Amino acid sequence: MQLISREEIKTLIEQPKGNCVSIYMPTHPAGPEVRQDPIRFKNLVKEAETRLIDAGLEQKNAIALLEKSHELDTQEFWEQMEEQGLGIFISENIFRYYTLPIDFQELVVVTDRFHIKPLLPILNGNGRFYILALSQQDVRFFEGTRYTVNEVEVENLPKNLDQALQKDETAKEGQFRLATSERGTTNAFSQPGTFHGQGSPDKDKHQEDIIQFFQIVDRALHDQLKLQKAPLVLAGVEYLLPLYRQANTYQHLMDEAITGNPEILSAQELHNQAWPIVEADFQKSQQDALEQFHELFSSDTGKASNKLEEVVSAAYYQRVDSLLVAVGQQQWGLFDPTSETVYLHPEKEAGDEDLLDFVAAHTFTFIKLMIVDRIYTVVFARNWFYLIKLLFTFF
């Protein structure tokens, strides 16, 4: 499964102003509700048509704009649905849809830009991390999120110890062949007689070889990870893990690891064991952001606020450092940049937009472009805050 990327969301945000239709709906890969999904989809498209007409578009033009959505209304599309949510984006020049592992609330938004807030939990709080699966016979490197895992080809990353040390199993000068158990696992410290060939090395010599092997692995990963801060989880048999830690130079290597033979684990099995290890780390980052807000808010320095009128202006002028916002809520209204006036409405009125989405989009775009490597970027919280709808920090 390929998740929507930051660049794709950025493209949606920067779509030229015009009639932009955003449709979100929950989907059901299995169960009796599967048959209802196409009906819900038709109803939401019809609702989008009504809203386009209310916005001033002639009916024939509204129907023409939404015609692209019919590409999805096929039996094959719904039968192949494997995710929990569907997001659709339609404008004069763009038609995109994403099936995603998020249980979206039904929502239709028609404004002069796309509504992107429901997508943001994919990028924030669900985390990006790495897995390094190590054995003497096989090295694999993966990039994962909460929902996905993909193996990554790393330049100069050796596939095994022999390749790293340029050893040949049949070479004569002190070379050896590692013993393999019946289950396919390799044990460097097995019983006497498991090493073969001339000049069989002792444990100390072989341990030095392993550390040298891991130093070569670490150097290859250094070029891949030198600008990254995502956590790295090791997977390997227990005696190899401390040896790799001796060779490691990546600062974000997790203390906890996946123990056992990684050769017999699929990418998804590695992911299933790695995610609980990194999840707590991601939750701590969110908690740190919340504590930072409370500290600044209680100190009365003017650097934190939960007043939406202040937040909208600050986001528009790119003065927001950290933002926490409830994804499943909307606050309809308007912002007039010329007078810096915010108009809040209890119900959606003609020309309104969700101001929570407005501040999220402006903060997301600014931080993406300007401060990619900050510890506090943008934090979006689902169902965290109902009394405090919006938390942010001024520069």
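All values reported here derive from a predicted model rather than from experimental measurement. (Residues numbered from 1 in each chain as written. Predicted model: local features only at pLDDT ≥ 70, side-chain atom pairs only at ≥ 80, totals over all residues. Heavy atoms only, no water.)

S.K.: Honestly, the sheet that holds strand E4 (residues 107-111) in this entry has me stumped. Any pointers?
M.R.: Across the sheet, which stays open at both edges, the four strands sit in the order E3-E2-E1-E4 with antiparallel pairing between neighbours. Edge positions in the sheet fall to strand E3 (95-100) and E4, since each of these pairs with one other strand and no more. Each strand axis lies, on average, 10 degrees off the axis of its neighbour in the sheet, ignoring direction. Across the sheet, helix H1 (residues 6-13) touches strand E2 (85-90) and E3, and the angle it forms with E3 is around 140 degrees. In the packing of helix H2 (residues 37-54) onto the sheet, contacts are made with strand E1 (20-26), E2 and E4, and the angle to E1 comes to roughly 155 degrees. (Pairing = 2+ DSSP bridges. Helix = DSSP H or I, 4+ residues; strand = E, 2+ residues; numbered from the N terminus. Axes fitted to C-alpha atoms, helices over the stretch in contact; angles between N-to-C directions. Contact = heavy atoms within 4.5 Å.)

S.K.: Explanation requested: the packing of aromatic side chains in the structure shown.
M.R.: Two measures describe an aromatic ring pair: the distance that separates the ring centres and the angle between the ring planes. The full count for this structure, using the stated rule, is 17 aromatic pairs. Taking 6.1 Å as the distance between ring centres and 40 degrees as the angle between the ring planes, the aromatic pair formed by Phe95 and Tyr97 counts as tilted. Judged by relative accessible area, which is 38%, Tyr97 ranks as partly exposed. Taken together, Tyr24, Phe89, Tyr98, Phe104 and Phe114 form an aromatic cluster joined through their ring pairs. A cation sits over an aromatic face here: Lys348 above Trp332, 5.4 Å from the ring centre. (Phe/Tyr/Trp six-rings, centres within 6.5 Å; stacked < 30°, edge-to-face > 60°. Buried < 20%, exposed > 50% of the residue type's maximum accessible area, 1.4 Å probe, protein only. Lys NZ or Arg CZ within 6 Å of the ring centre and 35° of its normal.)

S.K.: Explain the confidence of the model for the chain here, please?
M.R.: A low pLDDT score tells you not to read the predicted coordinates there in detail. Confidence in the prediction for the chain averages 80 pLDDT; 81% of positions are at 70 or higher. Of all secondary-structure elements in the chain, the lowest mean pLDDT belongs to strand E15 (residues 390-394), at 42, while strand E8 (residues 232-236) reaches the highest, 97. Residue range residues 168-200 is modelled with pLDDT below 50. Its contacts to residues more than four positions away, or to other chains, number 50 contacts. Ignoring residues within four places in sequence, the model shows residues 367-395, a span with pLDDT below 50, making 107 contacts including any to other chains. (pLDDT = per-residue confidence, 0-100.)

S.K.: Looking at this structure, I do not really get unusual backbone geometry. What am I missing?
M.R.: Positive phi, close to 70 degrees, is recorded for Asn156, a residue that is not glycine. Secondary-structure assignment places Asn156 in the loop between strand E7 (149-151) and helix H5 (161-165). A positive phi angle is found at Gln318, which is not glycine, with a value near 60 degrees. Here Gln318 is to be found in the loop between helix H9 (308-316) and strand E11 (320-325).

S.K.: Hey, could you run me through the nonpolar core in this one?
M.R.: Looking at soluble globular proteins, one finds that nonpolar side chains tend to be buried together. Ranked by size, the top nonpolar core spans 38 residues in total, and within it Ile4, Ile9, Leu12, Ile116, Leu119 and Val312 carry the most contacts. Counting only elements with at least two residues in this core, the list comes to H1, E1, E3, E4, H9, E11, strand E12 (332-336) and helix H10 (355-370). The leading source of residues in this core is H10, at seven residues. Every residue in contact with Ile9, bar those within four places of it in the chain, is listed here: Ile4, Ile116, Leu119, Leu120, Leu123 and Phe364. Within the second largest apolar cluster, 31 residues are counted, among which are Val152, Ile211, Val217 and Leu241. (Core = buried A, V, L, I, M, F, W, Y, C linked by side-chain atoms within 4.5 Å.)

S.K.: Explain the packing of H2 against helix H3 (residues 59-66) to me, please; I cannot follow it from the model alone.
M.R.: Think of two packed helices as two axes; the pair is described by the angle between the axes and how far apart they sit. For the pair H2 and H3, interaxial distance at closest approach is 9 Å and the crossing angle is 140 degrees. Taken together, the axes of H2 and H3 are oblique relative to one another. Between H2 and H3 the crossing geometry is right-handed. Of the residues in H3, those in contact with Val45, Ala48, Glu49, Leu52 and Ile53 of H2 are Gln59, Ala62, Ile63, Leu65 and Leu66. Of the residues assigned to the contact of H2 with H3, the class counts are eight nonpolar, one polar and one charged. (Parallel < 35°, antiparallel > 145°, perpendicular 65-115°, else oblique. Left-handed = near helix turned anticlockwise from the far one by under 90°. Nonpolar A, V, L, I, M, F, W, Y, C, P; charged D, E, K, R; others polar.)

S.K.: What's the story with helix H8 (residues 267-298) in this structure? I'm lost.
M.R.: Note on helix geometry: an α-helix contains 3.6 residues per turn, so any two residues three or four positions apart are oriented the same way. Compared with an ideal rise of 1.5 Å per residue, which puts 32 residues at 46 Å, H8 spans 46 Å between its outermost C-alpha atoms and is within 8% of the ideal. For H8, the complete set of buried residues consists of Leu270, His271, Ala274, Trp275, Ile277, Val278, Phe282, Gln286, Ala289, Leu290, Phe293 and Leu296. Taken from the residues just after H8, Asp300 is the one with a positive phi, measuring 55 degrees. (Expected span 1.5 Å × (residues − 1).)

S.K.: Whenever I open this one, H9 confuses me. Can you help?
M.R.: Looking at H9, one finds that the buried residues are Leu308, Val311, Val312, Ser313, Ala314 and Ala315. Positive backbone phi, at 60 degrees, marks Gln318, one or two positions downstream of H9.

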